Each structure stands twice: as structure tokens, then as C-alpha cells.
Amino acid sequence: MCSQLVRASQAVKFLITEFPPCLKLHNVTVLSVRWRKPRWVPKSQSKLFYVREPTAILAEEYEMLKPKYDAYRTEMKALRYFFLQANKAERRQEIARTEGIDAKKDEVQHIKALEINRKWNEECARLREERLLKEREKKEEIEYHKQLKKQQEDQITKTETESFVAQSLESSEKFITMENLDEEIEKLLDSKTDYNIGFRSKSQKQ
Amino acid sequence: MPFMKGRAAIRRTLQYLERGSLVLNDSVQIMTVNYNSGHKASRGTYDFIFWYLGQVQFKNPSVQILTFKNMTPSPYISFYLDNGEKILVDADSRDKDEIFQHIKTVLGKSEEDLQKEALAREKKANPANFGHGYSRWCICEIPGQIPCPGWVPLPKEMRGKYNLQKKDVEEV
């Protein structure tokens, strides 16, 4: 074990440099290095089921100390928070100073920019209204022409149907019904059509 | 060697992207462009996206840029700032150059700001500078220079304790 220790300390000496005197405390350089048992070695048998006795807390002592500790911790927390905020603010100012950021100037510029944008948007709105108006008018015109055309077509259809109806009525008078069936047959039998025709050059009947 | 593929492939060249002149303010986080296809009033916005969006994104890598097609009847561009504010820029029946110039006026960094930033970047890149905001804190980090007195005490001739106060430097 002694040789192991010597070997380990020699190995560590190889790794670390000599620290300057100002860093030594009471002439002892303290390092925490695992140099006897490696971390993967299991717990020793004698220490496996070791359960430590909890430290005895005296009730009176606890009651006396607790509020004091609470007060102390609250104060420390408050101090830390205060310094943190102060440092943050200082840092922000430092950054602003080094980078030339001026919050007021930025705000003024921002308001100006919003004003410019507002005017631009108004102009755009005006253009949009014009465009929409034109589109609406165009649509209405198209609709009007469509209606007109439809009306005209309806009129034509109407006249056509009327003439057809009139023709049908006229020709219905010449229809052969059950009443004048005999008469018509007699007529046909009495009439004679001659198909013996000679065509001339212009295909006219003789 | 064939030509570069795609419509107006020049938009994808480094030279073109570096020539972009719109650098948005640091407060701008998101830029949203809404436009419609086959819509005369959206033509300008479409052209703006076609020609300028690559440049804008190149110059503002930390700004999220989105485009939406055929979602609203009228085209517009909106900016979301880091304080929650939303700025709407109407783009109805506007030309691409008009839109670009307007955005530059309203939300772009001015020339002087850009120059200041360029100067600051140069200062940072200068290896002769040390301290806060630079690549090295102290000259003692450089090999060949005197080591940090926090680790190795300076020789007594260089210490004020010896030079000015004529005090003997004592070992702890």
C-alpha cells in the first residue's frame, strides 16, 4: 500500500504543475483526487449495510435557531437578488454605452416610422378602393349585357314557339279524324296522280 | 459546364445576395408576407418575394420569414417585433421597389448604424485588442508572453511593491 501511494503521488506530480506560493494555504496544497480505489470497485463488505445514526437535533436548540436561520437566509437572498439586478442594470448601461444605443432616440424614430407606415397604408387603402370600384362596375356591366342577351333570346324563342303553335293549329284543321275518314278515303280514290313526267334540263315538271 | 438551373438563377448567387441592402432592426423577429396568385394587385408583392426575399433573409439570418399564398383577399406584409408589437404594411397594387423602399424606411437600419456595426466588427476581429468583447482577455494567454501574475508571481523588478514603495517582496 505504501508503494501504491508513492506511485500514485508520483503519477499525480507528473500531471500537476507546481502551484505558486500565493495559492498555497498554510503551506498545504489540497487536491481531491481518487488515487486509491477506482470508482468502479464495489463497496467494501464491512461498509455495505452501514447505516449512520442521524445527528441528534435538540428541540429547544432547533426552535431557537430556526427563526434566526430563516431571517439570515432571507436577508442573504435579498442581498443577492439586489446585487444581481444592480449588476444587470449596470451591464445593460455599459453595453448601451459601448454600442451607442439610445433608447429615447430609438423610440422617437419608431413613432416616426409608424406614422410613415400609417400614411402608406392609407394610400394603399385608397388604391384598393379604386380597384374594387372598377371591378364592381365591370362586373355590373357584364351582368347587364348578359341579362339583355338572355331577354333577346327569350323573345326569339317566344316568337318561334308562337308561330309553331299557330302553324300547328292551322294544320290541325286538315287532320284526318274518325268523322271525315270515309270522305277522305273517297277523295283519295277519286284523285289521280300521274308520275309519268319528263324532266327538262332544269329538272322541271312538264 | 451547364448554366445554373432555375428561373432567374442569379438570385442564388453569393454576389447577388451580398448586395442586399435591407437590414432589419434588431427588434424584428418575424416577417410574414401574404399574397395571391393570378391577382393583379398582388403582382408587386410576388415580385418582391421573387427578387428581394433571398437578399433579405441572407442579410437577416435570425429573422423568421414566412410566405402565405391565397389566404387573404388583399396582399400585405406584417412584422412581429420582440415587444409583442405587430406592424402591418399594406401592399395592395404596389410595385416591388416601392414596397422594398418603404420597408427600408420604416424598419431598416440606417446607413450610419450599419457603418458603426461594421466598425465594431473590425475592432473585434483585430487581434491586437484584448479584454471584454474580444477573442482574448489578456496578453498573458499568448505563448511567449509573460505568464499571468495570478499563477506565477512577477519578478520583483516589475512589481509596484518593490519599485514604488521600495518594499521587499516577501514569500507567503
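The rules behind each value
- Sequence order as written defines residue numbering, which begins from 1 separately in each chain.
- Note on labels: chains are lettered from A, ligands numbered from 1, in written order.
- Local features are withheld for residues below a pLDDT of 70 in this predicted model, meaning they are given only at 70 or higher, and side-chain atom pairs are given and counted only at 80 or more; totals for whole chains, interfaces and linings count all residues.
- Computation of side-chain values: all heavy atoms of the structure, hydrogens and water removed.
- UniProt positions are given in the numbering used here, feature names are shortened, and annotations may be inferred rather than shown by experiment.
- We define the nonpolar core as a collection of buried residues of types Ala, Val, Leu, Ile, Met, Phe, Trp, Tyr and Cys that are connected through side-chain atoms lying within 4.5 Å of one another.
- Only protein chains enter the accessibility calculation, which uses a 1.4 Å probe; a residue is then buried when its area is under 20% of its type maximum, exposed when over 50%, and partly exposed in between.
- Secondary structure elements are taken from DSSP: a helix is a run of H or I of four residues or more, a strand is a run of E of two residues or more, and numbering for both begins at the N terminus.
- The contact criterion used throughout is that any non-hydrogen atoms of two residues lie within 4.5 Å.
- Scored between 0 and 100, pLDDT is the confidence that the predictor attaches to each residue.

Chain B is annotated in an unreviewed UniProt entry as Small ribosomal subunit protein mS25 of Patella caerulea. Note on chain B: under the UniProt heading Sequence similarities (unreviewed entry), the record states "Belongs to the mitochondrion-specific ribosomal protein mS25 family." Word for word, the UniProt comment on chain B under Subcellular location (unreviewed entry) is "Mitochondrion".

In the annotation of an unreviewed UniProt entry, chain A is listed under the name Small ribosomal subunit protein mS26 and assigned to Patella caerulea. Word for word, the UniProt comment on chain A under Subcellular location (unreviewed entry) is "Mitochondrion". The record held by UniProt for chain A lists under Sequence similarities (unreviewed entry) the comment "Belongs to the mitochondrion-specific ribosomal protein mS26 family."

Student: Hey, could you run me through the nonpolar core in this one?
Tutor: Soluble, globular proteins show a tendency: their nonpolar side chains are buried together. Grouped together as the largest cluster of nonpolar side chains are 27 residues, with contacts concentrated most on Leu24(B), Met31(B), Phe48(B), Ile77(B), Phe79(B), Ile103(B) and Leu107(B). Elements supplying a minimum of two residues to this core: α3 (103-172) of chain A together with β1 (28-35), α2 (43-59), β3 (76-81), β4 (86-90) and α3 (96-107) of chain B. Excluding anything up to four places from it in sequence, Met31(B) contacts Leu24(B), Phe48(B), Leu53(B), Val56(B), Val63(B), Gln64(B), Ile65(B), Leu66(B), Ile77(B), Ser78(B) and Phe79(B).

Student: Explain the confidence of the model for chain B here, please?
Tutor: Residue and element names in this part refer to chain B. Per-residue confidence for chain B averages 91 on the pLDDT scale, and 97% of its residues sit at or above 70. Taken element by element, the predicted model of chain B shows its lowest mean pLDDT in helix α4 (residues 111-125) (85) and its highest in strand β2 (residues 64-69) (98). Reported for the predicted complex are a pTM of 0.58 and an ipTM of 0.75.

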